[in-house]
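A closer look at the structure
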Amino acid sequence: MTYADFSDKTVLITGGSSGIGLHCARELRAQGARVIVTGRNADKLADIAGSYDLEWIRCDQSKPAEIDALRDRVGQQFEQLDVLFANAGVAPFAHVRQMPLEQIDQVLDVNVRGTFLTVRAFMDMMSAGGSVILNSSAIADKGIPGYTLYSASKSAIRAFARTFAAELSSKGIRVNSLSPGPIHNEAFLEQDIAPEDRERLYDTILRRVPLAREGTMAEVVKAVLFLASAQSSYMTGADLQIDGGFSQV
């Protein structure tokens, strides 16, 4: 389904080497956009970029200097950005008593500080009427054991969407967040969680979904393309929940 003509658009997707970021990058490229993806693994980025005709730049979002370098690289290659999908994030699973200090730092550095600095780095490069999309989570609205800090970090993302929207409105830049629920996603399967904990967590979350199923990657991609396109031109500061009713019912 075509949401808009992306043929003259430039899109930056952070955390674009797997999961939601990669699936969105592939679809946007298929619809004609110039797409730059970032990630921490240069070899993986090079492989996927070659396979799907994407631009790639290695960047660890937890490091402010690398975000600045990313901004400089993108600025050298492209005059402006039309869409920024701040998607990069980490989701470690650990109960409060068990979470080490270094894991606390990682979540805050990547999900909170990294997202803030990424948007700040690129806000002046956004085209008038451009779209910034922040990847939050439906878990931000629910109490799920083991996801205390992750949930808090995604609540911060939701707050960023509101305040960034207010600050960038004078340029016509729209800022919205996306809150996926349980999605069939390889990133979840790759988390460092004991098999019994993963099964228990999955059951706990899925039981709370009124539609009684996990979402598909295609359903999330459609939501991102909607927010990226002019079809959502009167939306800013909003949160689009793609979660089967998980956060609402």
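As shown above, the structure is provided for reference.
Here we summarise the structure given alongside this text. (Residues numbered from 1 in each chain as written. Predicted model: local features only at pLDDT ≥ 70, side-chain atom pairs only at ≥ 80, totals over all residues. Heavy atoms only, no water.)

1. Observations concerning the sheet that holds strand β1 (residues 10-13)
- Reading across from one edge, β3-β2-β1-β4-β5-β6-β7 is the order of the 7 strands in this open sheet, with parallel pairing throughout. Looking along the sheet, the strands with just one partner apiece sit at the ends: β3 (55-58) and β7 (239-242). Here the average twist between neighbouring strands, direction ignored, is 20 degrees.
- Docked against the sheet, helix α1 (residues 19-30) engages β1, β2 (34-39), β4 (81-86), β5 (126-135) and β6 (174-180), running at close to 170 degrees with respect to β1.
- Here helix α3 (residues 64-77) sits on the sheet in contact with β1, β2, β3 and β4, set at roughly 150 degrees to β3. (Pairing = 2+ DSSP bridges. Helix = DSSP H or I, 4+ residues; strand = E, 2+ residues; numbered from the N terminus. Axes fitted to C-alpha atoms, helices over the stretch in contact; angles between N-to-C directions. Contact = heavy atoms within 4.5 Å.)

2. Some remarks on the packing of aromatic side chains
- Taken as a whole and judged by the stated rule, the model has 5 aromatic pairs.
- Each ring, one from Y147 and one from Y150, has its centre 5.4 Å from the other, and the planes form 50 degrees; the classification is tilted.
- We classify Y147 as buried; its relative accessible area is 4%.
- Summarising the aromatic geometry, the rings of F160 and F164 are spaced 5.4 Å apart at their centres and angled 35 degrees between planes, so their arrangement reads as tilted. Residue F160 and its partner F164 are located together in helix α5 (residues 148-168), separated by 4 residues, close to a single helical turn. As far as the burial class goes, F160 and F164 line up, both buried.
- Clustering of aromatic rings is evident, with ring pairs tying together F93, Y147 and Y150.
- Note that K142 overlies the ring of F246, its terminal NZ or CZ placed 5.9 Å from the centroid. (Phe/Tyr/Trp six-rings, centres within 6.5 Å; stacked < 30°, edge-to-face > 60°. Buried < 20%, exposed > 50% of the residue type's maximum accessible area, 1.4 Å probe, protein only. Lys NZ or Arg CZ within 6 Å of the ring centre and 35° of its normal.)

3. Considerations on the pattern of salt bridges
- Tallied over the full model, the rule gives 7 salt bridges.
- Residues R58 and E66 are paired through a salt bridge, measuring 2.9 Å at the closest nitrogen-oxygen approach.
- Taking the relative accessible area as the measure of exposure, R58 reaches 38% and is therefore partly exposed.
- In this structure E66 comes out as partly exposed when scored by relative accessible area, which is 23%.
- Linking R213 and E219 is a salt bridge whose minimum nitrogen-to-oxygen distance equals 2.8 Å.
- In the salt-bridge network here, residues are joined through shared partners; they are D68, R71 and D72. (Salt bridge = Lys/Arg side-chain N within 4 Å of Asp/Glu carboxyl O.)

4. Focus on unusual backbone geometry
- Even without being a glycine, D53 presents a positive backbone phi close to 60 degrees.
- In this structure, A212 is a non-glycine residue whose phi angle is positive, near 60 degrees.

5. Looking at the packing of helix α4 (residues 101-122) against α5
- The interhelical angle for the contact between α4 and α5, taken along N-to-C directions, is 10 degrees, at an axis separation of 10 Å. The orientation of α4 with respect to α5, classified from their angle, is roughly parallel. Crossing of α4 over α5 shows right-handed handedness. Along the contact surface, α4 presents Q103, I104, V107, L108, N111, V112, T115, F116 and V119, while α5 presents L149, Y150, S153, K154, A156, I157, F160 and F164.
- In terms of residue class, the contact of α4 with α5 is made up of 12 nonpolar, 4 polar and 1 charged. (Parallel < 35°, antiparallel > 145°, perpendicular 65-115°, else oblique. Left-handed = near helix turned anticlockwise from the far one by under 90°. Nonpolar A, V, L, I, M, F, W, Y, C, P; charged D, E, K, R; others polar.)

6. Re the environment of L206
- Position of L206 relative to the elements: it lies in helix α7 (residues 195-206).
- A relative accessible area of 21% means that L206 is categorised as partly exposed.
- Once the C-alpha coordinates of L206 and G244 are considered, the two residues, 38 residues apart in sequence, prove to be 9.7 Å apart.
- Those residues in contact with L206 that sit more than four places away from it in its chain are R213 and E214.

7. Structural notes on α4
- For α4, spanning 22 residues, the distance from its first C-alpha to its last is 30 Å, which sits close to the expected 32 Å at 1.5 Å a residue.
- Considering bend angle alone, the principal kink of α4 is centred on G114 and spans about 40 degrees.
- Three or more residues of α4 are buried, namely Q103, V107, V110, N111, G114, T115, L117, T118, V119, A121 and F122.
- Contact partners of the buried residues in α4: β1, α3, β4, β5 and α5. (Expected span 1.5 Å × (residues − 1). Bend = angle between axes of the 7 residues up to and from the residue.)

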